[in-house]
Amino acid sequence: MNDRFLRACRRQPVDATPVWFMRQAGRYMPEYRALRQQYSLLELCRTPDLAAQVTLQPVDAIEVDAAILFSDLLLPLEPMGLRFDFVKGEGPAFDDPIRSAADVDRVRPIDPEAALGYVLDTIRQLKPRLEVPLIGFVGAPFTLASYAIEGGPSKDFARTKAMMYAEPEAWHTLCGRLADMAGTYLRAQIAAGVDAVQVFDSWVGQLGPADYREFALPHTRRVFEHIAGLGVPSIHFGVGTAMLLEDMATAGSDVVGADWRTPLDRAWQLIGPDKGIQGNLDPTLLLGPWSRVRASVEDIVNRAGGRPGHIFNLGHGVLPMTSPEVIQRVARLVHSLTSAKGR
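Treat the numbers as computed from the prediction; the structure is a model and nothing was measured.

Caption draft 1: Local environment of the overall build of the protein chain. For the protein chain, the count of helices and strands is 15 helices and 9 strands. Against the globule reference of 20 Å for 343 residues, the protein chain gives a C-alpha radius of gyration of 19 Å, in line with a compact fold. Expressed as a percentage of the 343 residues in the protein chain, the buried residues total 58%. The contacts in the protein chain between residues at least 6 apart in sequence include a share of 73% that link residues at least 24 apart. Total accessible area on the protein chain is roughly 13,600 Å²; 48% of this is exposed by carbon and sulfur atoms. Seen as two clouds, the 36 positive and the 40 negative side-chain charges of the protein chain have centres 4 Å apart.

Take a look at the structure:
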């Protein structure tokens, strides 16, 4: 196996900086769009043969150093009692969102093998077919709770924050249940064969540092405690987290992902020298001229300074209109720039 990604997660020397891209399996690939003409997103996720096929598409087409499991972070919520579907052009929509302490009582624990066995079957299918590490993932409690409370995407997260402030006991009960689900789900993914895991806290940047420490950090820490000692590297990523990076570094992951809003060297300084860092090219740059893309990639590589522990990635997911050819050029450029410097 090409293990440079795993070595970088552990801050060990590598022959070149590893590269993978969040949402690398998905909408920007013609092969994926062809499948979506035949199947819904949930059908793809729930059919191991198809989910494995989508996971492999970018690995076959692009010189990435890790595969990310094709799935969705909301999948565990339905067996927990929170039914949803994806509405075209709008995203997920929940049938009966959580709006009170009484609603929290219907959120039940799950057995990942029984409730999400199709995801674990996908992992088992993929392992013999991959020559790069496979990354599993979950949503962080704050982000999952936000979806469940808002009923879908939100711009201001007003309902989420209202529950946090007005009903803190209910909030912590909900997030505690989500944290235990996420931890046991990650343990099941690891047992099925993933080589690393990432915890996505996509919406946590809506919080200031004090609120993050009170309402989010304890529950995210609980997720990482579930997998401590299993020997599998972990990554913690959020969007809009420039003010939270120091606190995020205390949650328990081996690597912290930085979005594009903070220069990589500054983000690493905030995270601390005992953590790896992942990131952090602005995804929209890939829609611009190659000269600007190249200059930005070179800047990130230079800011990493050859220190062990850098994983090159975007500062969020690949945008649907991105050209696969540009993604490939970026991967090759990172490998060329860093292997030439003898890392």
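Caption draft 2: Quick peek at the pattern of salt bridges. Tallied over the full model, the rule gives 16 salt bridges. Measuring nitrogen to oxygen at the nearest pair gives 2.7 Å for the salt bridge that ties glutamate 63 to arginine 332. Residue glutamate 63 is found in the loop between helix 4 (48-61) and strand 1 (67-68), and its partner arginine 332 is found in helix 15 (residues 324-339); the two are separated by 269 residues along the sequence. In this structure, arginine 106 and aspartate 96 form a salt bridge, with 3.7 Å as the shortest nitrogen-oxygen distance. Placement of the pair is arginine 106 in the loop between helix 5 (101-104) and helix 6 (112-115) and aspartate 96 in the loop between strand 3 (91-94) and helix 5, with a sequence separation of 10 residues. By relative accessible area, which is 24% here, arginine 106 ends up partly exposed.

Caption draft 3: Layout of the sheet that holds strand 4 (residues 134-139). Read from one edge to the other, the open sheet built from 7 strands follows the order 1-4-5-6-7-8-9, with strand pairing classed as parallel. A single partner strand is all that each edge strand has here, and the edge strands are strand 1 and strand 9 (310-314). This element, helix 10 (residues 168-192), spans strand 4 and strand 5 (196-201) of the sheet and lies at about 165° to strand 4.

Caption draft 4: Representation of the side chain of aspartate 201. Within the secondary structure layout, aspartate 201 lies in strand 5. The buried charged residue aspartate 201 lacks any salt bridge partner; its closest oppositely charged side chain belongs to arginine 221, at an N-O distance of 12 Å. A polar side-chain atom of aspartate 201 sits 2.6 Å from a polar atom in the side chain of threonine 143. Filtering out sequence-adjacent residues up to four positions away, aspartate 201 remains in contact with Ala140, Phe142, Thr143, Thr220, His236, Phe237, Gly238 and Val239.

Caption draft 5: Summary view of the nonpolar core. Among the nonpolar cores identified, the biggest contains 128 residues, and Phe5, Phe21, Phe70, Ile98, Trp171, Val297 and Val330 are the most heavily contacted of them. At 13 residues, the largest contribution of residues to this core is made by helix 10. Here valine 330 is in contact with Phe21, Leu286, Trp290, Val293, Val297 and Phe312, once residues within four sequence places are set aside.

Caption draft 6: Structural context of helix 10. With 25 residues, helix 10 extends 36 Å from end C-alpha to end C-alpha; this agrees with the ideal 36 Å at 1.5 Å per step. Looking at the residues trailing helix 10, positive phi occurs at glycine 193, about 135°.

Caption draft 7: Here's a closer look at the packing of aromatic side chains. Scanning the model with the defined rule gives 9 aromatic pairs in all. Ring centres of phenylalanine 157 and tryptophan 203 lie 5.9 Å apart, and the angle between their planes is 45°; on these two criteria the pair is classed as tilted. Linking phenylalanine 157 in the loop between helix 8 (141-150) and helix 9 (158-166) with tryptophan 203 in the loop between strand 5 and helix 11 (209-227), this pair joins segments that are 46 residues apart in sequence. Among the residues examined, phenylalanine 157 registers a relative accessible area of 3% and is labelled buried. An aromatic cluster of at least three residues, connected via ring pairs, comprises Phe84, Phe86 and Phe94. Between arginine 307 and the ring centre of tryptophan 268, over which it is positioned, the NZ or CZ distance is 3.8 Å. Lying over the aromatic face of tryptophan 290, arginine 329 brings its terminal NZ or CZ to 4.0 Å of the ring centre.

Caption draft 8: The environment of valine 232, seen in detail. In this structure, valine 232 sits in the loop between helix 11 and strand 6 (234-238). The buried category is assigned to valine 232, whose relative accessible area is 16%. Discounting chain neighbours no more than four positions away, the residues touching valine 232 are Ile190, Val194, Asp195, Ala196, Val197 and Asp254.

Caption draft 9: Local environment of the pairing of strand 5. Across the 6 residues that make up strand 5, a large majority, 6, are buried. Taking every second residue as pointing to the same face, both faces of strand 5 are buried, with Ala196, Gln198 and Phe200 on one and Val197, Val199 and Asp201 on the other. Each parallel crossover has a hand, and the one from strand 5 via helix 11 to strand 6 is right-handed.

So, how was this worked out
- Residues numbered from 1 in each chain as written.
- Predicted model: local features only at pLDDT ≥ 70, side-chain atom pairs only at ≥ 80, totals over all residues.
- Heavy atoms only, no water.
- Helix = DSSP H or I, 4+ residues; strand = E, 2+ residues; numbered from the N terminus.
- Rg over C-alpha atoms; globule rule 2.2 N^0.38 Å.
- Buried < 20%, exposed > 50% of the residue type's maximum accessible area, 1.4 Å probe, protein only.
- Contact = heavy atoms within 4.5 Å.
- Areas by Shrake-Rupley, 256 points an atom, 1.4 Å probe, with all protein chains shown as cover.
- Lys, Arg positive; Asp, Glu negative; His and termini not counted.
- Charge placed at Lys NZ, Arg CZ, Asp CG, Glu CD.
- Salt bridge = Lys/Arg side-chain N within 4 Å of Asp/Glu carboxyl O.
- Pairing = 2+ DSSP bridges.
- Axes fitted to C-alpha atoms, helices over the stretch in contact; angles between N-to-C directions.
- Polar contact = N/O pair within 3.5 Å; in protein donor to acceptor, adjacent residues only side chain to side chain.
- Core = buried A, V, L, I, M, F, W, Y, C linked by side-chain atoms within 4.5 Å.
- Expected span 1.5 Å × (residues − 1).
- Phe/Tyr/Trp six-rings, centres within 6.5 Å; stacked < 30°, edge-to-face > 60°.
- Lys NZ or Arg CZ within 6 Å of the ring centre and 35° of its normal.
- Right-handed = clockwise from strand over helix to strand, strands pointing away.

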